[in-house]
Amino acid sequence: MNLDFPLLFKIVNLAVLPAWALLIFAPKSKAAQYVVYSYAYPYFLGLFYAFLLFTNFNILQSGMGSLESIRSAFESDGVLLAGWIHYLIFDLFVGMWQVEDARKNNIRHFKIIAPLVFTLFLGPLGLLWYLILRQVERSKKM
């Protein structure tokens, strides 16, 4: 199958932006409930991820036991795109969790906007920022 991987990369990158915009600017909106909290993104991107993995068997053949085997697997554009989708899905899921967790812990939304943006662009650094903020907010309440 001959897929246009650069075009698909652009599409999936743009596709997640509405969900992130809702998480950042309107997390309590009905649109966020339907678009983000329905888990539609993880479902659809997950299906596309599975398709890419199963049509690019070299990741399954090369294994993940060494850095060299991972480098070899990611030489395929299909596997590289699947890897990127992996990041997109998990970063978005972490962003969703941050919004929900902040709500449960009574952390005002404006305080988590920067960690959300960092989660969007730098994944683990945004999560780290949020976890530190969460701990600081919890200690203020003690």
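Keep in mind the model is a prediction, meaning the values are calculated, not measured. (Residues numbered from 1 in each chain as written. Predicted model: local features only at pLDDT ≥ 70, side-chain atom pairs only at ≥ 80, totals over all residues. Heavy atoms only, no water.)

*Asks:* I tried to follow the packing of helix 1 (residues 5-25) against helix 6 (residues 77-104) on my own but got confused; where do I start?
*Replies:* In a pair of packed helices, the angle between the axes and the distance between the axes together describe the arrangement. Close contact between helix 1 and helix 6 brings their axes to 11 Å; oriented N to C, the two are set at 0°. Classed by the angle they form, the pair helix 1 and helix 6 counts as roughly parallel. Taking contact as the criterion, the partners of F5, L8, F9, V12, N13, V16, A19, W20 and L23 in helix 1 are, on helix 6, D77, G78, L81, W84, I85, L88, D91, L92, G95, M96 and V99. Its residues placed into classes, the contact of helix 1 with helix 6 shows 15 nonpolar, three polar and two charged. (Axes fitted to C-alpha atoms, helices over the stretch in contact; angles between N-to-C directions. Helix = DSSP H or I, 4+ residues; strand = E, 2+ residues; numbered from the N terminus. Parallel < 35°, antiparallel > 145°, perpendicular 65-115°, else oblique. Contact = heavy atoms within 4.5 Å. Nonpolar A, V, L, I, M, F, W, Y, C, P; charged D, E, K, R; others polar.)

*Asks:* Sorry if this is basic, but what is going on with the pattern of salt bridges here?
*Replies:* One side chain can pair with another of opposite charge once the charged atoms of both are near each other. Applying the stated criterion across every chain yields a total of five salt bridges. In this structure, E100 and R103 form a salt bridge, with 2.8 Å as the shortest nitrogen-oxygen distance. With E100 and R103 both in helix 6 and three residues apart, the pair spans about one turn of that helix. A relative accessible area of 32% means that R103 is categorised as partly exposed. Across the salt bridge formed by E137 and K140, the nearest N and O atoms sit 3.3 Å from each other. Of the two residues, E137 and K140 are both situated in helix 8 (residues 124-140); the distance of three residues between them amounts to about one turn of the helix. On the basis of relative accessibility, which here comes to 56%, the residue K140 falls in the exposed class. By sharing partners, the salt bridges in this structure join K111, E137 and K140 into a single network. (Salt bridge = Lys/Arg side-chain N within 4 Å of Asp/Glu carboxyl O. Buried < 20%, exposed > 50% of the residue type's maximum accessible area, 1.4 Å probe, protein only.)

*Asks:* Before we go on, may I ask you to explain the nonpolar core in this structure?
*Replies:* Side chains of a nonpolar character, in soluble globular proteins, are inclined to be buried together. W20, L23 and I112 are the most contacted members of the largest nonpolar core, which totals 31 residues. Contributions of two or more residues to this core are made by helix 1, helix 3 (40-55), helix 6, helix 7 (109-122) and helix 8. Not counting residues up to four positions away in its chain, the partners in contact with L23 are V36, Y37, L92, G95, M96, V99, H109 and L116. (Core = buried A, V, L, I, M, F, W, Y, C linked by side-chain atoms within 4.5 Å.)

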